[in-house]
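# Structural features, examined
This is what each chain is made of:
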Amino acid sequence: NEDMFNQIKAGGGQYDLVCPSDYMLQKLIMNDMLEPLDRQIENYDNFGSRYIKDTFDNIETTDSKNNVRKFKEFSVPYMWGTMGFMYDPENISLEAVSSWDVVWDVNYKNQTSLKDSVRDTYIVAALHIYKDELTLAKSLLDDGQYSIKQYNDKVTEIMNRCDDDTLDLIEKALKEAKNNIYEFEVDTGKTNIINGKYYVNLCWSGDAVYALDEADEIGFTLNYKVPEEGSNIWFDGWAMPKGANKKYAQELMNFLCDPKIASRNMNEVGYTSAIAGKDMWDLVLDWYDEGQSEDTIAYDLTYFFKDTNIEDEQGNKITNFIVYTSEPNRQLFAQYPDEQTIQRCAIMKDFGSQNDKVNEMWIKVKSNKVSWVIYVFLGVIIVGVVFFEVKKAYSRRARK
């Protein structure tokens with residue numbers, strides 16, 4: 001995302017379409033770097049998930065003139081998902097990965113990983129540091145003193161908190177985590193966890209689906225879990241930089257929102273499409289539905305597929321979308337989190353004026369400390385050199 005922003009800002013290439021994440025879309029709009037949509041994207045209007053439309057479309061930010069703008073004025077969503085833990089259930093318990101604290105737990109030293117990405121890893125530390133606040137907010141929700149919106153607003157505020165005091169706490173926490181994890185990574189985690197190098201990998205939901213599929217092929221089981229404190233729910237959307245060929249860019253957006261095309265893309269990459277037409281529902285049933293039995297649980301996806309005019313084989317409009325599965329915490333749960341999980345997930349926001357400080361903090365976290373032994377060794381050398389020079393100078397004066 002950051003490389004994309006810098007390249008567009010520097011004029012390094014004239015692109016007709018880019019696909020940034022939500023917080024970067026916010027930044028691009030704030031800097032007046034996007035062309036607004038000027039036509040209907042019919043396939044999105046007809047087949048886009050109602051949940052996505054209610055959430056992504058209405059995310060608000062301001063432009064350079066402080067006018068309130070919504071994402072739907074500039075972008076069409078492509079893929080979405082959560083961030084959580086992919087884990088080996090044979091070697092670590094569901095309870096352990098139900099909290100971000102496992103990253104700092106010395107009982108799992110060198111058995112976890114974090115992302116080599118300041119935004120994603122920052123969130124993990126923030127939710128770990130302010131766990132008590134999040135627990136209180138959840139109890140207020142359970143007691144009826146908080147609405148779902150109030151609860152989600154609290155998760156959002158904590159996840160994006162970036163005042164100077166918080167940055168100091170984040171830096172300290174991440175330096176501690178650095179000494180406890182196996183690695184910071186972006187792509188190697190999918191392979192390393194399958195190879196048994198560690199048991200817990202911080203990952204995006206689509207990467208989890210990909211890795212779970214790969215593991216299944218060799219008879220190795222992996223699961224996916226979004227910790228109870230909360231997490232990031234993210235959206236990637238197509239947008240047109242200033243000067244784009246708007247006519248054809250918007251034609252391609254519409255093409256990508258065709259359920260037949262969207263289902264093929266989702267099948268290829270493992271991430272979850274924003275489209276919810278019949279082709280997508282049929283794909284989900286083909287992948288995951290095992291039929292109602294004593295060994296299966298009902299998983300309700302109505303929140304995502306409702307109001308998309310999907311009909312059954314008899315031509316009756318479907319109003320309840322139930323999948324029966326025997327495998328919780330697996331691919332289905334990664335691709336389509338349940339509503340309870342979504343309630344505790346929040347959207348990243350741009351750090352604004354604190355961006356430079358956040359990046360400086362990250363550099364300090366990632367930089368390798370020089371061992372105290374090295375400092376002692378260098379000190380001994382310096383003292384020795386000084387002693388030798390003083391002695392040599394004294395000898396010259398004595399001879400004179």
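Structure: above.
Please read all numbers here as calculations on a predicted model, not as lab measurements.

Here we come to the nonpolar core. Within soluble globular proteins, side chains that are nonpolar generally end up buried alongside one another. In this structure, Leu301, Phe305 and Tyr336 are the most contacted members of the largest nonpolar core, which totals 119 residues. Excluding anything up to four places from it in sequence, phenylalanine 305 contacts Ala276, Gly277, Met280, Trp281, Val284, Ile310, Phe321 and Tyr336.

Turning next to the pairing of strand β7 (residues 200-204). Extensive coverage of β7 is indicated by the burial of five of its five residues. The two faces of β7 match: Val200, Leu202 and Trp204 on one face and Asn201 and Cys203 on the other face are all buried.

One pass over the full model with this rule turns up 21 aromatic pairs. Here the aromatic rings of tyrosine 51 and tryptophan 80 are separated by 5.6 Å at their centres, their planes lie at 55 degrees, and the arrangement is tilted. Placement of tyrosine 51 in helix α4 (residues 50-55) and of tryptophan 80 in strand β4 (residues 75-87) is noted, with a sequence separation of 29 residues between them. Take tryptophan 80: its relative accessible area is 0%, and that puts it in the buried class.

What follows deals with helix α8 (residues 164-178). Helix length check: α8 (15 residues) gives 21 Å between terminal C-alpha atoms against 21 Å at 1.5 Å per residue, within 8%. Residues of α8 that are buried: Thr166, Leu167, Ile170, Glu171, Ala173, Leu174 and Ala177. The secondary structure elements touched by the buried residues of α8 are β5 (112-115), α5 (118-129) and α17 (355-366). Between a side-chain oxygen at the N-terminus of α8 and the backbone nitrogen of aspartate 165 the separation is 3.2 Å; the capping residue is aspartate 163.

Moving on to the environment of alanine 249. As for its position among the elements, alanine 249 is in helix α11 (residues 246-256). With a relative accessible area of 4%, alanine 249 lands in the buried category. Sequence separation between alanine 249 and asparagine 223 is 26 residues; the distance between their C-alpha atoms is 38 Å. Beyond its immediate chain neighbours, meaning those up to four positions away, alanine 249 contacts Asp16, Leu17 and Met240.

Turning our eyes to something else, we now look at a negative patch on the surface. A grouping of Asp289, Glu290, Glu294 and Asp295 is seen on the molecular surface, where their side chains present a negatively charged patch. Along the chain, aspartate 289 turns up in the loop between α13 (278-288) and β11 (297-300).

Time to look at the pattern of salt bridges. Counted under the stated rule, the structure contains 26 salt bridges. Ionic pairing is found between glutamate 42 and arginine 39, a salt bridge with its closest N-O pair at 2.5 Å. Between glutamate 133 and arginine 161 there is a salt bridge, and its shortest N-O distance comes to 3.1 Å. Of the two residues, glutamate 133 is situated in helix α6 (residues 131-142) and arginine 161 in the loop between α7 (148-159) and α8; the sequence distance between them amounts to 28 residues. Ionic contacts of the salt-bridge type, sharing partners, join the residues Glu133, Lys154, Glu157 and Arg161 into one network.

For the rest of this paragraph, the subject is the environment of tyrosine 199. Relative to the helices and strands, tyrosine 199 resides in the loop between α9 (189-194) and β7. The class of tyrosine 199 is partly exposed, set by a relative accessible area of 22%. In contact with tyrosine 199, not counting residues within four places along its chain, are Met86, Tyr87, Asp88, Asn91, Ile92, Gln111 and Ile193.

What counts as what
- Residues numbered from 1 in each chain as written.
- Predicted model: local features only at pLDDT ≥ 70, side-chain atom pairs only at ≥ 80, totals over all residues.
- Heavy atoms only, no water.
- Core = buried A, V, L, I, M, F, W, Y, C linked by side-chain atoms within 4.5 Å.
- Buried < 20%, exposed > 50% of the residue type's maximum accessible area, 1.4 Å probe, protein only.
- Contact = heavy atoms within 4.5 Å.
- Helix = DSSP H or I, 4+ residues; strand = E, 2+ residues; numbered from the N terminus.
- Phe/Tyr/Trp six-rings, centres within 6.5 Å; stacked < 30°, edge-to-face > 60°.
- Expected span 1.5 Å × (residues − 1).
- Polar contact = N/O pair within 3.5 Å; in protein donor to acceptor, adjacent residues only side chain to side chain.
- Patch = residues over 30% accessible without salt bridge, like charges linked within 9 Å, V, L, I, M, F, W, Y side chains within 5 Å.
- Areas by Shrake-Rupley, 256 points an atom, 1.4 Å probe, with all protein chains shown as cover.
- Salt bridge = Lys/Arg side-chain N within 4 Å of Asp/Glu carboxyl O.
- Lys, Arg positive; Asp, Glu negative; His and termini not counted.
- Charge placed at Lys NZ, Arg CZ, Asp CG, Glu CD.

These figures capture arrangement, not role.
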